[in-house]
Amino acid sequence: MAFEQIQQQTHHIADTKVLVSYDRFTTRFELKKGEEVIYSTRLLFLPIKNVNILINEQEFTLKIFWFILWKSTLVNNDNVVIKELLVHRRKKSIGLLSYCVLVSCIKVSLDFMV
(Lines give C-alpha, C1' and ligand atoms only; values in the text may rest on other atoms or scores of the structure.)
Protein backbone atom coordinates (compact mmCIF):
# COMPACT_ATOMS: atom_id res chain seq x y z
CA MET A 1 0.00 0.00 0.00
CA ALA A 2 1.75 3.13 -1.23
CA PHE A 3 1.34 6.59 0.21
CA GLU A 4 -0.80 8.87 -1.95
CA GLN A 5 -0.39 12.60 -1.54
CA ILE A 6 -3.35 13.38 -3.78
CA GLN A 7 -6.40 11.18 -3.54
CA GLN A 8 -8.84 11.45 -6.42
CA GLN A 9 -11.96 9.87 -7.82
CA THR A 10 -14.21 10.54 -10.82
CA HIS A 11 -18.01 10.73 -10.82
CA HIS A 12 -20.73 11.35 -13.39
CA ILE A 13 -22.90 14.24 -12.22
CA ALA A 14 -25.59 15.92 -14.35
CA ASP A 15 -24.29 14.23 -17.54
CA THR A 16 -20.77 15.49 -16.83
CA LYS A 17 -17.61 13.71 -15.74
CA VAL A 18 -16.33 15.41 -12.56
CA LEU A 19 -12.95 14.77 -10.92
CA VAL A 20 -12.81 15.13 -7.12
CA SER A 21 -9.35 15.42 -5.54
CA TYR A 22 -7.89 16.00 -2.09
CA ASP A 23 -4.26 16.89 -1.37
CA ARG A 24 -3.28 15.49 2.02
CA PHE A 25 -0.34 17.90 2.54
CA THR A 26 -2.02 21.19 1.66
CA THR A 27 -5.60 20.06 2.55
CA ARG A 28 -6.77 21.39 -0.83
CA PHE A 29 -10.12 19.96 -1.95
CA GLU A 30 -11.06 20.42 -5.62
CA LEU A 31 -13.89 19.60 -7.98
CA LYS A 32 -13.01 19.81 -11.69
CA LYS A 33 -15.06 19.45 -14.85
CA GLY A 34 -12.44 18.69 -17.48
CA GLU A 35 -9.86 21.47 -17.06
CA GLU A 36 -12.36 23.87 -15.48
CA VAL A 37 -12.19 24.12 -11.68
CA ILE A 38 -15.73 24.13 -10.31
CA TYR A 39 -14.75 24.48 -6.65
CA SER A 40 -11.43 24.66 -4.84
CA THR A 41 -10.66 25.34 -1.18
CA ARG A 42 -8.18 24.59 1.57
CA LEU A 43 -9.89 22.86 4.46
CA LEU A 44 -7.17 23.67 7.04
CA PHE A 45 -8.87 24.28 10.40
CA LEU A 46 -12.50 24.31 9.28
CA PRO A 47 -13.80 20.75 9.73
CA ILE A 48 -17.28 21.47 8.36
CA LYS A 49 -18.02 23.02 4.96
CA ASN A 50 -21.35 23.49 3.21
CA VAL A 51 -21.09 25.19 -0.19
CA ASN A 52 -23.53 25.69 -3.06
CA ILE A 53 -22.01 24.99 -6.48
CA LEU A 54 -23.26 24.90 -10.07
CA ILE A 55 -22.64 21.95 -12.38
CA ASN A 56 -24.24 22.21 -15.85
CA GLU A 57 -26.59 24.96 -14.65
CA GLN A 58 -27.87 22.75 -11.81
CA GLU A 59 -27.35 23.78 -8.20
CA PHE A 60 -25.81 21.30 -5.81
CA THR A 61 -24.75 21.52 -2.18
CA LEU A 62 -21.32 20.16 -1.35
CA LYS A 63 -21.04 19.00 2.26
CA ILE A 64 -17.63 18.15 3.73
CA PHE A 65 -17.00 16.94 7.28
CA TRP A 66 -13.47 15.86 8.17
CA PHE A 67 -12.99 16.27 11.93
CA ILE A 68 -12.69 12.63 13.07
CA LEU A 69 -14.20 10.73 10.17
CA TRP A 70 -14.10 11.92 6.56
CA LYS A 71 -17.43 12.47 4.85
CA SER A 72 -18.07 14.37 1.61
CA THR A 73 -21.47 14.30 -0.07
CA LEU A 74 -23.12 16.05 -2.98
CA VAL A 75 -26.80 16.91 -2.49
CA ASN A 76 -29.39 18.28 -4.94
CA ASN A 77 -32.69 19.53 -3.43
CA ASP A 78 -32.29 17.31 -0.32
CA ASN A 79 -31.71 14.24 -2.50
CA VAL A 80 -28.29 12.71 -2.09
CA VAL A 81 -26.70 12.55 -5.53
CA ILE A 82 -23.39 11.05 -4.38
CA LYS A 83 -23.15 9.60 -0.89
CA GLU A 84 -19.32 9.73 -0.71
CA LEU A 85 -17.12 11.68 -3.13
CA LEU A 86 -13.83 10.12 -1.94
CA VAL A 87 -14.55 6.53 -0.90
CA HIS A 88 -10.87 5.65 -0.40
CA ARG A 89 -10.39 8.60 1.96
CA ARG A 90 -13.46 7.56 3.99
CA LYS A 91 -12.21 3.97 4.31
CA LYS A 92 -8.79 5.15 5.51
CA SER A 93 -10.33 7.44 8.14
CA ILE A 94 -12.52 4.59 9.45
CA GLY A 95 -9.49 2.27 9.55
CA LEU A 96 -7.39 4.83 11.42
CA LEU A 97 -10.16 5.49 13.94
CA SER A 98 -10.65 1.74 14.49
CA TYR A 99 -6.91 1.26 15.03
CA CYS A 100 -6.77 4.13 17.56
CA VAL A 101 -9.76 2.75 19.47
CA LEU A 102 -8.26 -0.75 19.52
CA VAL A 103 -4.85 0.45 20.76
CA SER A 104 -6.51 2.64 23.40
CA CYS A 105 -8.61 -0.30 24.65
CA ILE A 106 -5.51 -2.49 24.88
CA LYS A 107 -3.62 0.19 26.80
CA VAL A 108 -6.51 0.68 29.24
CA SER A 109 -6.89 -3.08 29.78
CA LEU A 110 -3.14 -3.44 30.41
CA ASP A 111 -3.28 -0.60 32.94
CA PHE A 112 -6.08 -2.38 34.84
CA MET A 113 -4.09 -5.63 34.92
CA VAL A 114 -1.15 -4.00 36.69
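Residues numbered from 1 in each chain as written. Predicted model: local features only at pLDDT ≥ 70, side-chain atom pairs only at ≥ 80, totals over all residues. Heavy atoms only, no water.

### Overview of the pattern of salt bridges
Per the stated rule, a full pass over the model turns up 2 salt bridges. One salt bridge in this structure joins Lys-33 and Glu-36, with 3.9 Å as the shortest N-O distance. Assessed through its relative accessible area of 24%, Lys-33 is described here as partly exposed. (Salt bridge = Lys/Arg side-chain N within 4 Å of Asp/Glu carboxyl O. Buried < 20%, exposed > 50% of the residue type's maximum accessible area, 1.4 Å probe, protein only.)

### Quick word on the packing of aromatic side chains
The full count for this structure, using the stated rule, is 2 aromatic pairs. Relative to Trp-70, the ring of Tyr-22 has its centre 4.9 Å away and its plane inclined at 50°; by these criteria the two rings are tilted. With Tyr-22 in strand 2 (residues 16-23) and Trp-70 in the loop between strand 6 (58-65) and strand 7 (71-76), the pair connects residues that are 48 residues apart, well separated along the chain. Note on accessibility: Tyr-22 and Trp-70 belong to one class, buried. Ring plane angle 40° and centroid distance 6.2 Å describe the contact between Phe-29 and Trp-70, whose orientation is recorded as tilted. Separated by 41 residues along the polypeptide, Phe-29 in strand 3 (residues 28-33) and Trp-70 in the loop between strand 6 and strand 7 bring together distant segments of the chain. We note that Phe-29, like Trp-70, is buried. We note Arg-89 situated over the ring of Trp-70; from NZ or CZ to the ring centre the distance is 5.3 Å. (Phe/Tyr/Trp six-rings, centres within 6.5 Å; stacked < 30°, edge-to-face > 60°. Helix = DSSP H or I, 4+ residues; strand = E, 2+ residues; numbered from the N terminus. Lys NZ or Arg CZ within 6 Å of the ring centre and 35° of its normal.)

### Here we look at the pairing of strand 5 (residues 48-55)
The alternating pattern of strand 5 places Lys-49, Val-51, Ile-53 and Ile-55 on a buried face, while none of Ile-48, Asn-50, Asn-52 and Leu-54, on the opposite face, is buried. Two strands pair when backbone bridges link them, and strand 5 and strand 6 are joined in this way by 8 bridges, in the antiparallel orientation. What sits directly across from Val-51, in strand 6, is Leu-62. Adjacent in sequence and paired antiparallel, strand 5 and strand 6 are bridged by 2 residues, among which Asn-56 carries a positive phi angle near 50°. (Pairing = 2+ DSSP bridges.)

### Structural notes on the sheet that holds strand 5
Hydrogen bonds between backbone atoms are what pair the strands of a sheet, whose relative direction is either parallel or antiparallel. Strand order in the open sheet formed by 4 strands is 5-6-7-8, with antiparallel pairing between adjacent strands. Strands at the two margins of the open sheet, each flanked by one partner only, are strand 5 and strand 8 (79-82). Ignoring strand direction, the axes of neighbouring strands in this sheet form an average angle of 35°. (Axes fitted to C-alpha atoms, helices over the stretch in contact; angles between N-to-C directions.)

### Comments concerning the sheet that holds strand 1 (residues 6-13)
Pairing in this open sheet of 4 strands is antiparallel, and the strands run 1-2-3-4 from one edge to the other. Whereas interior strands pair on both sides, the edge strands pair on one side only; in this sheet they are strand 1 and strand 4 (36-42). Each adjacent strand pair in this sheet contributes to an overall mean axis angle of 15°, direction not counted. The pairing of strand 3 with strand 4 spans 6 bridges and is antiparallel. Looking at the pairing, Arg-28 lines up with Arg-42 of strand 4.

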